[in-house]
Amino acid sequence: MKRQIFCLSAILVCASALAQDVLYLKDGNKISCDVAKIAGKKLEYKMTGSGEQTTADLSQLLMTFFKNGDYLVFSEMSDDGLNNVTYKAKEASGTGVTQDIIISKDEKVFVGKVNAVETGQIKYTPKGSILAMSKSTADVAVIIFTSGKHQLFTSPAEAAPVLSAVKSRVNSYIAPIEGKSETEVSEVTPKKEQTTAKKENEPVKEKDVAKEKKEIKPEKKEEVVKESVKEEKTKKEKEAEEKAKTEKPKEELAEEVQVKKETIEEVIPAKEEIKKEEPKAETKETVIQTEPEEKKPTVIKEEEKEFAGLDIDFEMFKRKSLQKVEDLGAYISIIADKNTEWQESNKAIDLACTLFVNEEANVEVSSKGSPEKTKYKIRPYLNRIKLLKYDRVEVSWTNISYVSDLRKGVDGNYYGVITLQQVFTGFIEGKVAYTDVTKKNIEVVLKGYEKLVEGKTIGLWDVFLSDIGVVVTS
Amino acid sequence: MKLETVLITIIFFISTRVFSQNIFSDHHEENFAFEVKQIDEFIERFNNRENTLLREYIKTNYPEAKIDRTSLIKGLFNQADTTWDAVQLNQFIEKVTNFSSPAFLSFYDKDWYAEVDCQFIYHGEDEEATLILLVQPEKDGASKWVITSAKADFLRLPGYQDSTKSLNPISHATDFMGLDKALSDQENLLNYFRRDFKNDLLTAFIYEVKNGSLKFKQVNNIIYHFLQIDGWILTIEQFARNSRNSGWLISSLVKVSEEEKRMYKKSVLNIE
């Protein structure tokens, strides 16, 4: 506990040094100051201490953090965007940050109460949960505290694009402070997603902890359309070029695709072969054939952003799904931990069940070295985990995952499957007693629902986990 | 080799070692990236779709590697099988990658089927049955998998035993009193039905499920039959092994005529 208090104090001391507006410059410098005004691509500020009035060109800045915890990332804005940023500081007290906000390097937003930042670990209690969780500082880009202060865990240059990407989600937790400032970002034309915030998609269930992790809105449609047109044009040009290049006599072509029985090539040569390869001028593959258009039934792909009134972005679906899977792993670790109070375990089981579409979802389990698979409903499965003989269990998921296209079912919901590998490690007296890697196929259901916002009914959606299958590797 | 490439390769291997669990080696991660994890992934690789997991992985880890559709398709064959007919393979690849009329696969194609070997409990005993499923498009862009046929030996009626056993031609005169004996004659039951009667296993299957005699236990194995490419039939099976060439891979490839395709449907998939 003493250690935690020390750590908290350390954060406060460290963060109090940042209790100013802070400018992060592209040249790596940081300036603590009071930002007075932003207009016409210029930022006027008063140096802390000397009170000297200075002006900086926005193009020299990476980003600025305001006292209230809000921030602007200039490095990710287009030239037009920079031109449209206006800000005028006003006197006010308090901050607009309603929750401590942890922003991870992979652009996820976690909100709640940060309890401690220990060596390499951030301990926090997610909003709406009584259970403490932890995150490795190596995975985190920034924490914005309710005090308005912030702490970077990576270089400002690395943090800037992450902060830009999650801005619309972070905005949900930074309430505007009356009289504090006037920051107009709505007119900003971002390079990325910074100001595309229209309406956030919200989960259906109130008690779903993942509700706190709101998702990025899709990129602007016009941009997507333009990109596709451009891509299509390039593709056609490439096709024509390729055709001219590759039109060879049939015999030559047949020779090229000659495959010997014993040596059917893999997709790429073995590592050693690649290392031997001389660099080629033409490193990019020219795609001469692309997938045909999908037929009638509806499948959501990356290119398709909207369907049936729902603004479904495939990337967002992927992120939401993987977040739920990550949450499930965290709950399993809590449930299996012998140090977790019985009551807390039960609470974690309840919360874990809310990640699923319903409690009829089945989970297949296998054991190392055995081809046998056993199936349990989700709640009995979690109850069994509670009874595991290990002192502590770690459930983590490997970095790579495959997420299928989404397909519409006859119930109007959309279905997809995530395939990933789970690393399960059980500890007894601090030592690894059991560990295995299993491949899981996790069915994910995307459910749409309607919500009345300012008198208008809008279509929203959320994802839920469903059946979890296991693939036994020989 | 460029210094930059060497550095990237080194950084990649160092970083994966640092961040991976001990149990999960680079080798595992690479195998997983290359593995054809779902039928969807099989289709996307066959079609040479862009922005896929594999393409991203290769771009990141082997920036100099070139990927084209031919190499992707070759990677979809089970390379542990050394009996592939090289001539046929070449013909197939040439056919599907033909510049003027390439062949692609779609989840919503009509002529592909899942042959699902299942374990059932029938009157308390373990029994195996095979279900053939296909994707059925529904209204409003929805779709679903449906069972189109079933193969289950335990649901077959016994063949003809004693051809002399029958309802004699004068049975009508006794108001078919002989039905009593006929329908108790389990071994010769088919003798009492018309000659062209077909033992419809799917109907028998539904009936047994409906009356609770047949209970599903588990799926044992799945084979996908792709018949949608003109002149070819391929089967896809899962090869769960620790190798880059793993997952859902082509296990057989046969060049067929339309008539042979029809026969295949009838004999292998039990579809008329």
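Throughout what follows, the structure given in this document is the object of discussion.

About the criteria used
- Residues numbered from 1 in each chain as written.
- Chains lettered and ligands numbered in written order.
- Predicted model: local features only at pLDDT ≥ 70, side-chain atom pairs only at ≥ 80, totals over all residues.
- Heavy atoms only, no water.
- Helix = DSSP H or I, 4+ residues; strand = E, 2+ residues; numbered from the N terminus.
- Contact = heavy atoms within 4.5 Å.
- Core = buried A, V, L, I, M, F, W, Y, C linked by side-chain atoms within 4.5 Å.
- Buried < 20%, exposed > 50% of the residue type's maximum accessible area, 1.4 Å probe, protein only.
- Phe/Tyr/Trp six-rings, centres within 6.5 Å; stacked < 30°, edge-to-face > 60°.
- Lys NZ or Arg CZ within 6 Å of the ring centre and 35° of its normal.
- Axes fitted to C-alpha atoms, helices over the stretch in contact; angles between N-to-C directions.
- Parallel < 35°, antiparallel > 145°, perpendicular 65-115°, else oblique.
- Left-handed = near helix turned anticlockwise from the far one by under 90°.
- Nonpolar A, V, L, I, M, F, W, Y, C, P; charged D, E, K, R; others polar.
- Patch = residues over 30% accessible without salt bridge, like charges linked within 9 Å, V, L, I, M, F, W, Y side chains within 5 Å.
- Areas by Shrake-Rupley, 256 points an atom, 1.4 Å probe, with all protein chains shown as cover.
- Salt bridge = Lys/Arg side-chain N within 4 Å of Asp/Glu carboxyl O.
- Polar contact = N/O pair within 3.5 Å; in protein donor to acceptor, adjacent residues only side chain to side chain.
- Pairing = 2+ DSSP bridges.

**Observations concerning the side chain of A:Ser401**
Stage number 1. Mapping A:Ser401 onto the fold places it in strand S20 (residues 392–403).
Stage number 2. Beyond its immediate sequence surroundings of up to four residues, A:Ser401 is in contact with A:Leu322, A:Ile418, A:Thr419, A:Leu420, B:Phe32 and B:Leu53.

**Focus: the nonpolar core**
The nonpolar side chains of soluble globular proteins are, as a tendency, buried together.
Stage number 1. One finds B:Phe42, B:Phe46, B:Phe92, B:Phe226, B:Ile229, B:Leu234 and B:Ile236 to be the most contacted residues of the largest nonpolar core, which totals 45 residues.
Stage number 2. Where this core is concerned, the elements lending two or more residues are helix H3 (39–46), helix H6 (86–96), strand S1 (112–122), strand S2 (125–137), helix H8 (201–210), strand S4 (214–226), strand S5 (232–239) and strand S6 (247–255) of chain B.
Stage number 3. Top contributing element to this core by residue count: S1(B), with six residues.
Stage number 4. In this structure B:Phe226 touches B:Ile39, B:Phe42, B:Ile43, B:Leu105, B:Asp111, B:Trp112, B:Trp232, B:Ile233, B:Leu234 and B:Ile236, once residues within four positions along its chain are discounted.
Stage number 5. If you look at the next biggest cluster of nonpolar residues, it comprises 42 residues, including A:Met316, A:Phe317, A:Leu351 and A:Trp397.

**Considering unusual backbone geometry**
All names here are of chain B.
Stage number 1. Here Asn 48, not a glycine, exhibits a phi torsion of approximately 60°, which is positive.
Stage number 2. Among the structural elements, Asn 48 can be located in the loop between H3 and helix H4 (53–61).
Stage number 3. Of note in this structure, Asn 51 is not a glycine but carries a positive phi near 50°.
Stage number 4. Tracing the sequence through the fold places Asn 51 in the loop between H3 and H4.

**Thoughts on the packing of aromatic side chains**
Stage number 1. Across all of its chains, the model carries 25 aromatic pairs over all chains by this definition.
Stage number 2. Both rings, one in B:Phe193 and one in B:Phe197, keep their centres 5.4 Å apart while their planes meet at 35°; by these two values the pair is tilted.
Stage number 3. Ring plane angle 75° and centroid distance 5.3 Å describe the contact between B:Tyr224 and B:Trp248, whose orientation is recorded as edge-to-face. In this pair, B:Tyr224 is assigned in strand S4 and B:Trp248 in strand S6, connecting sequence segments 24 residues apart. Per residue, the accessibility class of B:Tyr224 equals that of B:Trp248, and both read buried.
Stage number 4. Sitting above the plane of the A:Trp461 ring, A:Lys320 keeps its charged end 5.1 Å from the centroid.
Stage number 5. Taking the ring centre of B:Phe32 as reference, the NZ or CZ of B:Lys37 above it sits at 5.0 Å.

**Re the packing of helix H8 (residues 314–336) of chain A against helix H9 (residues 342–353) of chain A**
Residue and element names in this part refer to chain A.
Stage number 1. At a closest axis distance of 9 Å, the pairing of H8 and H9 adopts a crossing angle of 160°. Viewed along their axes, H8 and H9 adopt a mutual orientation that is roughly antiparallel. Relative to H9, the crossing made by H8 is left-handed. Within the contact between the two elements, H8 uses Leu 328, Tyr 331, Ile 334 and Ile 335 and H9 uses Ser 345, Ala 348, Ile 349, Leu 351 and Ala 352.
Stage number 2. Along the lines of polarity and charge, the residues of the contact of H8 with H9 split into eight nonpolar, one polar and no charged.

**Section: a nonpolar patch on the surface**
All names here are of chain B.
Stage number 1. A grouping of Leu 157, Phe 176, Leu 179, Leu 183, Phe 193 and Phe 197 is seen on the molecular surface, where their side chains present a nonpolar patch of about 530 Å² in accessible area.
Stage number 2. Along the polypeptide, Leu 179 turns up in helix H7 (residues 179–182).
Stage number 3. You can call Leu 179 partly exposed: its relative accessible area is 39%.

**Some words on the pattern of salt bridges**
Stage number 1. Applying the stated criterion to the full structure yields 27 salt bridges over all chains.
Stage number 2. When the shortest N-O distance is used, the salt bridge between B:Lys265 and B:Asp111 registers 3.2 Å. Placement of the pair is B:Lys265 in helix H9 (residues 258–267) and B:Asp111 in the loop between H6 and S1, with a sequence separation of 154 residues.
Stage number 3. A relative accessible area of 21% places B:Lys265 in the partly exposed class.
Stage number 4. B:Lys217 is the salt-bridge partner of B:Asp126, the closest N and O atoms lying 3.5 Å from each other. Of the two residues, B:Asp126 is situated in strand S2 and B:Lys217 in strand S4; the sequence distance between them amounts to 91 residues.
Stage number 5. Overall, the relative accessible area of 44% leaves B:Asp126 in the partly exposed class.
Stage number 6. For B:Lys217, a relative accessible area of 39% translates into the label partly exposed.
Stage number 7. Among the charged side chains, a network of salt bridges with common partners joins A:Asp21, A:Asp34 and A:Lys67.

**Points about the environment of B:Tyr62**
Stage number 1. Relative to the helices and strands, B:Tyr62 resides in the loop between H4 and helix H5 (69–74).
Stage number 2. A distance of 2.7 Å separates a polar atom in the side chain of B:Tyr62 from a polar atom in the side chain of B:Glu30.

**Here's the deal with the sheet that holds S6(B)**
Residues and elements named next belong to chain B.
Stage number 1. In spatial order, the strands read S3-S2-S1-S4-S5-S6; together these six strands make up an open sheet with antiparallel pairing. What marks the edges here is a single partner per strand, and that holds for strand S3 (143–151) and S6. Taken over all neighbouring pairs, the strand axes of this sheet differ in orientation by 35° on average, direction set aside.
Stage number 2. Here S1 runs beside S4; their pairing, made up of eleven bridges, is antiparallel. Looking across to S4, one finds that Ala 114 is bridged to Tyr 224.
Stage number 3. Sheet strands touched by H3: S1, S4, S5 and S6. Its angle to S4, the strand with the most contacts, is close to 5°.
Stage number 4. Strands in contact with H8 are S1, S2, S3 and S4; relative to S3, the strand with the most contacts, it is inclined by about 105°.

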